[in-house]
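# Coordinate analysis (summary)
Spelled out from the first residue to the last, the chains are:
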Amino acid sequence: MRKGCKKVIATILTAAMAMSVCSPAFASEISTNTFETTLQPKERMLCEQVLEGMETKISQELKTEYQKDILLLNSKGFEEKELIILDTDIRQVANLIQELDMDSEEIKKLKNGFLTSRPTDPEVLIANSHSLDAADLGIVSYEFKQDGARASTGFIEKQISLFTNPALNKFYQESGYVNLGNVHATSKVVNGETYYTRPYVMFGAHGSTGSIDAGLVWYQEHNKWMLFMSGARSGWLLGKSYYNNGNSMTKAVGTANGTDAYLELKCSDGKAHIVWRSPETWKIIDEQAAEMGDGFNTTSEIELVRENTLAQGVSGSYLKNVTWRTVYLYSTSKTAKAEKGFFKSARNQFTTYSGNYLTKGTGQGSATNLNYYGETMSLSIP
C-alpha cells in the first residue's frame, strides 16, 4: 500500500473513533450523566438504593427525574425505606410539596398519609366488587339515553372537559386536587321512578380496548359524594367501601358538599385504578379498579379526560365553583403539570368552550382561571 493511502485511512479511522467516543446513543443519557456528575457519593448511593428497592422498575428516561424527587423528599425528612414504600408515588408526593408550598407540619401529615394508607392491589379490588344495576343506583337506563327518548323525558346534560392527545404524549396516569364547590340536584319522576340529576367531578380514560369514567358522583338522596367507576366493559361500580359494608349505599363512605378531594387515576397492566384521598389527612377515603384489557398499559395510546358534568339533568340543579388545581400527567418518560399543548383542541360531538376546553349539552356552563392544570367551573340546568 502506498504511503499516501495509509495516511488517509489512518485519518478516517481516527475521526470515526472520536465520533464513537464523543457521541452518546440517546439524548436522555446526556441529561442523566450530567445530573449524576453533580451528585455527592452519598446522594448517588441513596438514589441507587431507592430505585433498586422499588417494586416498580423505572425507565432510563425517568431516572434523572426520580433522582431529583428522591433527593427533594430526603431533604424533607423521608428516609430510604420510606421512599421505597412510596414507589411511584414519589412523583406525586414531591409535586404536592412543591405546588402547595407545604410547611414542615403539612409535609409531616402528607408523609404519614401516603406511607400508612397504601393503595390496594387492583386485582383484589376487582375480585371483591361486582357491577351494579343502573336502576338500583338511580341512573337513567339505556333506553332513555337515546336522543329522542331523552328529549321526550326532558333530561338535560352539560359538561366541560379536557382530553389529552395520546398521539403526542402517552400519558397513562393523572392526579389532581379539587374543591367540590356547592352542589344541588333536583329530581323528576319518569315511568313511576324518581331520577335525580347526577353531578360528576371526575377523570376518565379511553383506550383501544375500552373506556372508563372514574371519580366522584353526588347523591342528593344520600347527601354525599361517592366514588364510582363506569364503562361498557366494567359496568357500574362504586368504591370498595360499598362492597365492604354489605352493599349498602347508606354505609358506603362519602363526603359532604363543599369539601376537598385528591384524585388519582392510573391505567396500567390492563386495568384502571381510581384512588380518592383526603387532603386533610392524605389517607385513602375510597378506591376501585376495573379490568380494561391490553389497551390500558403504561405505553398504550390512552386519551385521559378531566371533566365536570351534570348528567340526566333536571331544572334547578347546579354544580358551582368546583376548583381543580395541581393537576399532573404522568408517562414513562416524564411527569408534567397539565398544560394546553397536551390537550386536544377539537373532538367529535363537542364544541369549543375556550382554548382546548371543550363542552357539550344544552345546560349552562362557565369557567374561569383556565390554566389547564386547574380552573374554577360552574354548571347548571335552567
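Everything quoted here is computed from the prediction, not taken from an experiment.

Rules used in this analysis
- Residues numbered from 1 in each chain as written.
- Predicted model: local features only at pLDDT ≥ 70, side-chain atom pairs only at ≥ 80, totals over all residues.
- Heavy atoms only, no water.
- Helix = DSSP H or I, 4+ residues; strand = E, 2+ residues; numbered from the N terminus.
- Buried < 20%, exposed > 50% of the residue type's maximum accessible area, 1.4 Å probe, protein only.
- Contact = heavy atoms within 4.5 Å.
- Salt bridge = Lys/Arg side-chain N within 4 Å of Asp/Glu carboxyl O.
- 1 Å grid on protein atoms, 1.4 Å probe; cavity = no way out; pocket = protein on both sides within 12 Å on 5 of 7 lines; lining within 4 Å.
- Points joined across faces, edges and corners; volume = space filled by probe spheres on them.
- Nonpolar A, V, L, I, M, F, W, Y, C, P; charged D, E, K, R; others polar.
- pLDDT = per-residue confidence, 0-100.
- Pairing = 2+ DSSP bridges.
- Axes fitted to C-alpha atoms, helices over the stretch in contact; angles between N-to-C directions.
- Phe/Tyr/Trp six-rings, centres within 6.5 Å; stacked < 30°, edge-to-face > 60°.
- Lys NZ or Arg CZ within 6 Å of the ring centre and 35° of its normal.
- Polar contact = N/O pair within 3.5 Å; in protein donor to acceptor, adjacent residues only side chain to side chain.
- Parallel < 35°, antiparallel > 145°, perpendicular 65-115°, else oblique.

Helices and strands together make up the secondary structure of the chain, namely ten helices and 19 strands. Among the 382 residues that make up the chain, the fraction classed as buried is 49%. Nonlocal contacts in the chain, meaning residues at least 24 apart in sequence, comprise 69% of its contacts between residues at least 6 apart.

Another point: the pattern of salt bridges. Using the criterion set out here, one finds eleven salt bridges in the structure. In this structure, the salt-bridge partner of K240 is E287, at a minimum N-O distance of 3.3 Å. Separated by 47 residues along the polypeptide, K240 in helix α10 (residues 240–244) and E287 in strand β12 (residues 284–291) bring together distant segments of the chain. A relative accessible area of 1% means that E287 is categorised as buried. In this structure, a network of salt bridges that share partners links the residues E123, K271 and E291.

This next bit is on empty space enclosed by the protein. Tallied over the full model, the rule gives two cavities of 30 Å³ or more. Considered as a void within the structure, the largest cavity measures approximately 40 Å³ in volume. Surrounding the largest cavity, I160, S161, L162, R306, E307, N308, W324, Y357, E375 and M377 form its lining. Contributions of two or more residues to the lining of the largest cavity are made by β1 (156–163), β13 (303–313) and β19 (375–380). Along the lines of polarity and charge, the residues of the lining of the largest cavity split into five nonpolar, two polar and three charged. Of the pockets and cavities examined, the second largest cavity occupies roughly 40 Å³.

Moving on: the confidence of the model for the chain. The predicted model of the chain averages 89 in pLDDT, with 88% of residues at 70 or higher. Every residue in residues 1–32 is under pLDDT 50, and counting partners more than four places away or in other chains gives nine contacts. Within the model, pLDDT remains below 50 along residues 142–151, and this stretch shows eleven contacts once partners closer than five positions in the same chain are excluded.

This brings us to the pairing of β1. With six of eight residues buried, β1 lies mostly within the body of the structure. Bridge count between β1 and β13: seven bridges; the pairing is antiparallel. Within the sheet, the bridge partner assigned to S161 lies in β13 and is E307. Here β1 pairs with strand β17 (residues 357–361) via four bridges, running antiparallel. Across the sheet, residue Q159 finds its bridge partner in β17, namely K360.

Taken in spatial order, the eight strands make up an open sheet running β9-β8-β7-β6-β13-β1-β17-β16, and their pairing is antiparallel. Pairing within the sheet leaves two strands with one partner each, and these edge strands are β9 (235–238) and β16 (351–354). Adjacent strand axes in the sheet meet at a mean angle of 25 degrees when their direction is disregarded. Of the pairings in the sheet, the one linking strand β6 (residues 198–207) to β13 comprises nine bridges and is antiparallel in character. In the sheet register, V201 faces β13, and the bridge partner there is N308.

Under the criterion given, the structure shown has 13 aromatic pairs. Ring pairs connect the aromatic residues F114, Y177, Y262 and W282, which therefore count as one cluster. For R325, the ring lying beneath its charged end belongs to Y177, and the centroid distance is 4.3 Å. Taking the ring centre of Y373 as reference, the NZ or CZ of K337 above it sits at 4.4 Å.

Okay, the side chain of Q288 next. Relative to the helices and strands, Q288 is located in strand β12. Residue Q288 is classed as buried on the basis of its relative accessible area of 1%. Separated by 2.8 Å, the side chain of Q288 and the backbone oxygen of L238 make a polar contact.

Here the focus is the layout of surface pockets. One number sums up the size of the second largest pocket: a volume of about 910 Å³. Lining of the second largest pocket is provided by 31 residues; of these, T56, D87, T88, K266 and S268 occupy positions nearest its centre. Those elements that place two or more of their residues in the lining of the second largest pocket are α4 (60–75), α5 (80–86), α6 (89–99), β10 (260–268) and β11 (271–277). Its residues placed into classes, the lining of the second largest pocket shows ten nonpolar, ten polar and eleven charged.

Along the polypeptide, S366 turns up in strand β18 (residues 364–368). C-alpha separation for the pair S366 and S354, spaced twelve residues apart in sequence, amounts to 10.0 Å. Here S366 is in contact with I160, Y353, T376, M377 and S378, once residues within four sequence places are set aside.

The next subject is the environment of V275. Here V275 shows up in strand β11. The class for V275 is buried, based on a relative accessible area of 3%. When the C-alpha positions of V275 and G215 are compared, they lie 8.4 Å apart, and in sequence the two are 60 residues distant. Ignoring anything within four residues of it in the chain, the contact list for V275 reads P119, Y262, L263, E264, I284, D286 and E287.

For the pair helix α3 (residues 41–53) and α4, the least separation of the axes is 10 Å and the interaxial angle reads 110 degrees. Of the possible angle classes, the one that applies to α3 and α4 is roughly perpendicular. Contact residues: E43, L46, C47, V50 and L51 in α3; K63, Y66, Q67, I70, L71 and N74 in α4. Taken together, the residues of the contact of α3 with α4 sort by class into seven nonpolar, two polar and two charged.

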